[in-house]
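Notes for the structure review
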Amino acid sequence: MNRNLDLMLTALAPAIWGSSYLVTTQFLPDGYPVTVAFLRALPAGLLLLLVVRRLPSGWWWLRVAILGALNFSIFWALLFVAAYRLPGGVAATVGAIQPLVVVFLARGLLGSPIRGLSVLAALFGLGGVALLLLTPQAALDPLGVAAGLGGAVSMAAGTVLSRKWQPPVGLLTFTAWQLTAGGFILLPLAFLLEPALPPLTDRNVMGLAYLGLIGAAFTYALWFRGIARLEPAAVSALGFLSPTTAVVLGWLILGEALTPLQGAGILIVLASVWLSQQAGRLRVAFPIARCNPGNKPLEIET
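In what follows, the accompanying structure is described. Along each chain, numbering runs from 1 in the same order as the chain's sequence is written. With the structure being a predicted model, the display of local features is reserved for residues of pLDDT at least 70 and the display and counting of side-chain atom pairs for 80 or more, all residues being used for whole-chain, interface and lining totals. Remark: hydrogens and water are excluded; side-chain values derive from all non-hydrogen atoms of the structure.

**Notes on the environment of G144**
- Runs of E in the DSSP output that reach at least two residues are strands. Runs of H or I that reach at least four are helices, and both are numbered from the N terminus. For G144, the location among the structural elements is in helix α8 (residues 142-164).
- The classification of residues rests on relative accessible area computed with a 1.4 Å probe and restricted to protein chains. Under 20% of the type maximum is buried, over 50% is exposed, and intermediate values are partly exposed. For G144, a relative accessible area of 0% gives the class buried.
- Note: C-alpha distance between G144 and V94 (50 residues apart in sequence) is 9.4 Å.

Right, dumping it as structure tokens:
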């Protein structure tokens, strides 16, 4: 029961992230992706710091800087590059490789076994996202694809390292540290790469408040809680819920079309999320070759 509750709370994070597409397009000025990312991270991080009133110490300054960069600065910056250079469906599908990357990073950094069901679920989910978002007119741009892959690797590394470096503080403090670090890294990029924001309307402020307080502070606290309690592969697979939520909200609120192929994609994504949660409960042979120091046998499970 505790595991199911952990999964449900963690799944709320990517489900809410899926609404950020709707909020960004309907509530925020167009053409300021890095600035919006900075305004999403730093104010929320500073607000949480005022609540927890605790700063990192010792090596945690460096660790928080690394985690803030991986989970927020690098990930969001590359995500926006991919979004600008690729059709949305291609960008999201490229980014959906993240759960697969997590499986192998967790092996290298945490010593976790490579579970065949985790690999299968990641590939299954990737196919579901492709059905949801790809169109026959989708075009590939090499730089956009590289940015999408880089963003997926960045978030995957942040997920695994967040599990490896268990903080000596509570979840709100850990979230505050990372959001603040990520926001400060994004600050100079926003000033260097983009023009000044126009005067913000009440609608813009509402959108930024939602993305910062709900879409960042609240959801990342849930996300880091899940990382601390669940296997990294199980957590990262929940990320497939984000594009799924975005498509469903576009259909319900914006009146966008939902084709039978997209409906099949939603079912496949949900099946992949369920399958990923079974990986820790079942053991099925799944041969994967991998070189490792000392030619020690590789632990492979599903």
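**Quick look at the side chain of T175**
- Mapped onto the fold, T175 is located in helix α9 (residues 171-193).
- Taking the relative accessible area as the measure of exposure, T175 reaches 0% and is therefore buried.
- Contacts between residues were defined by any pair of non-hydrogen atoms, one from each residue, lying within 4.5 Å. The residues contacting T175, other than those within four sequence positions of it, are L48, A217, Y220, A221 and F224.

**Describing the pattern of salt bridges**
- Within this document, salt bridges are pairs made up of a side-chain nitrogen of Lys or Arg and a carboxyl oxygen of Asp or Glu, the two lying within 4 Å of each other. For the coordinates displayed, the defined rule picks out 3 salt bridges.
- Residues D6 and R225 are paired through a salt bridge, measuring 3.0 Å at the closest nitrogen-oxygen approach. Taken together, the residues D6 in helix α1 (residues 2-17) and R225 in helix α10 (residues 202-229) connect sequence positions 219 residues apart. Each member of the pair, D6 as well as R225, carries the same accessibility label: buried.
- In this structure, D6 and R229 form a salt bridge, with 3.7 Å as the shortest nitrogen-oxygen distance. In this pair, D6 sits in helix α1 while R229 sits in helix α10, placing the two residues 223 residues apart along the sequence.
- In this structure R229 comes out as exposed when scored by relative accessible area, which is 51%.

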